[in-house]
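# Breakdown of the fold
What follows is the residue order along each chain.
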Amino acid sequence: MTPDEADAYATYYLHNVAHTLAFGSYFLLWLAVVWGMMLRNGWASTRMRHSTIYHIHMIIALFGLSLGILHAAAQLFVPGGEIRVVDEFIPFLDRNDRIGVGAATIGMELFIAAALAVGFQKKLGFTRFRAVHSMTYGALLLEGGHGLISGSHVRHPLIWGSILLSMVSVIVLWLATTPLPARARREVAERMATRQKAVESVTIRVDPDRCARFDQCQKHAPDVFRACPDGRLAYQASVTVDNLDPVIRAVEACPARAITLGKAPSAISMAHRSFARVAPGHGRTGAANGRAAGVPRTRMSR
């Protein structure tokens, strides 16, 4: 075998390996983005635990990101390849495929930034962490555009159709979960609350297995919810219908969908995986009245 033939074989096999890694990475990252939407909107919380959904999302995202990095590295070892090291880090410098390679570079950097933000979630705060994580929607669209523009194996209708369908599905889900539908749901909830003026009070319950201590409930209803220094969440067991609007906003803002409304009033002070039930009229009832607990509590755990 001549050196030219050896280079041709190496180029052929490395291209196939690189494209296989690219398709695998794109599929896993698309699945991670869709799974993240399920996690954010609580679509699977009734069937699966919040922590289970979160860990599956993280594993899929890390595998997809790893395959994407390997795909980028494989392109550097193709004999006679046109991808340079600088093209892997700085977008739009590639001389032959400026748009396609540039889109891939930006998309991968956004995915890496979102992955690193997980380690700094507490320092960033929930709002900024969500903003960084929301960039993964655009990153996936950039990676899909890179495949459609630069992929030499994307000529088959089944392949480019699958990529295009995945991009459209992300756009549709993205638009369906923006604040506009949430605002419409809030208006419906407010109208329902107006119709229930005859009800004297509404009770509040926080599921300790789902609550992730994001403190969004305290932000929207500080008179009802209060984060304690020891990590517990104290809250009023019931509120009147006239004071229900901020509680409804807290229910909608809870990322884990851990807050539910009902009847049968009682005062509750909750710790993780357990909660204490106190007789009505005694003990601590949250941030609205900080009376000291003066009666024994009965603790129940799962």
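The notes below deal with the structure included here. Computed from a predicted structure; not experimentally measured.

Across the sheet, which stays open at both edges, the three strands sit in the order β4-β1-β5 with antiparallel pairing between neighbours. At either margin of the open sheet sits one strand with a lone partner, and together these are β4 (238–240) and β5 (259–262). Pairwise comparison of adjacent strand axes, ignoring direction, gives a mean angle of 30° for this sheet. Sheet analysis places strand β1 (residues 201–206) next to β4, joined by three bridges and oriented antiparallel. Across the sheet, Thr 203 pairs through a bridge with Ser 238, a residue of β4. Across the sheet, helix α9 (residues 245–253) is in contact with β1, β4 and β5; its angle to β5 comes to roughly 140°.

Looking now at the nonpolar core. Among the nonpolar cores identified, the biggest contains 21 residues, and Ile 204, Val 206, Val 224, Phe 225, Leu 233 and Ile 259 are the most heavily contacted of them. Breaking this core down by element, the ones donating at least two residues are β1, β3 (233–235) and α9. Filtering out sequence-adjacent residues up to four positions away, Ile 259 remains in contact with Ile 204, Arg 205, Val 206, Cys 217, Phe 225, Ala 250, Val 251 and Cys 254.

On to a nonpolar patch on the surface. A cluster of nonpolar side chains, Phe 92, Ile 99, Leu 148, Ile 149, Trp 160, Leu 164, Val 168 and Val 172, forms an exposed patch at the surface whose accessible area comes to about 710 Å². Elements that contribute at least two residues to the nonpolar patch include exactly α5 (126–150) and α6 (157–176). Of all the elements, α6 adds the most residues to the nonpolar patch, at four residues. As for its position among the elements, Trp 160 is in helix α6.

A separate point is the packing of helix α3 (residues 98–119) against α5. Between two packed helices, the angle of one axis relative to the other and the distance separating the axes together describe the packing. Contact pair α3 / α5: the axes reach a minimum separation of 7 Å and the direction vectors enclose 155°. By the criterion of interaxial angle, the relationship of α3 to α5 is roughly antiparallel. Remark: the crossing between α3 and α5 carries left-handed chirality. When the residues that make up the contact of α3 with α5 are grouped by side-chain class, the tally is 19 nonpolar, six polar and one charged.

Rules and cut-offs
- Residues numbered from 1 in each chain as written.
- Predicted model: local features only at pLDDT ≥ 70, side-chain atom pairs only at ≥ 80, totals over all residues.
- Heavy atoms only, no water.
- Pairing = 2+ DSSP bridges.
- Helix = DSSP H or I, 4+ residues; strand = E, 2+ residues; numbered from the N terminus.
- Axes fitted to C-alpha atoms, helices over the stretch in contact; angles between N-to-C directions.
- Contact = heavy atoms within 4.5 Å.
- Core = buried A, V, L, I, M, F, W, Y, C linked by side-chain atoms within 4.5 Å.
- Buried < 20%, exposed > 50% of the residue type's maximum accessible area, 1.4 Å probe, protein only.
- Patch = residues over 30% accessible without salt bridge, like charges linked within 9 Å, V, L, I, M, F, W, Y side chains within 5 Å.
- Areas by Shrake-Rupley, 256 points an atom, 1.4 Å probe, with all protein chains shown as cover.
- Salt bridge = Lys/Arg side-chain N within 4 Å of Asp/Glu carboxyl O.
- Parallel < 35°, antiparallel > 145°, perpendicular 65-115°, else oblique.
- Left-handed = near helix turned anticlockwise from the far one by under 90°.
- Nonpolar A, V, L, I, M, F, W, Y, C, P; charged D, E, K, R; others polar.

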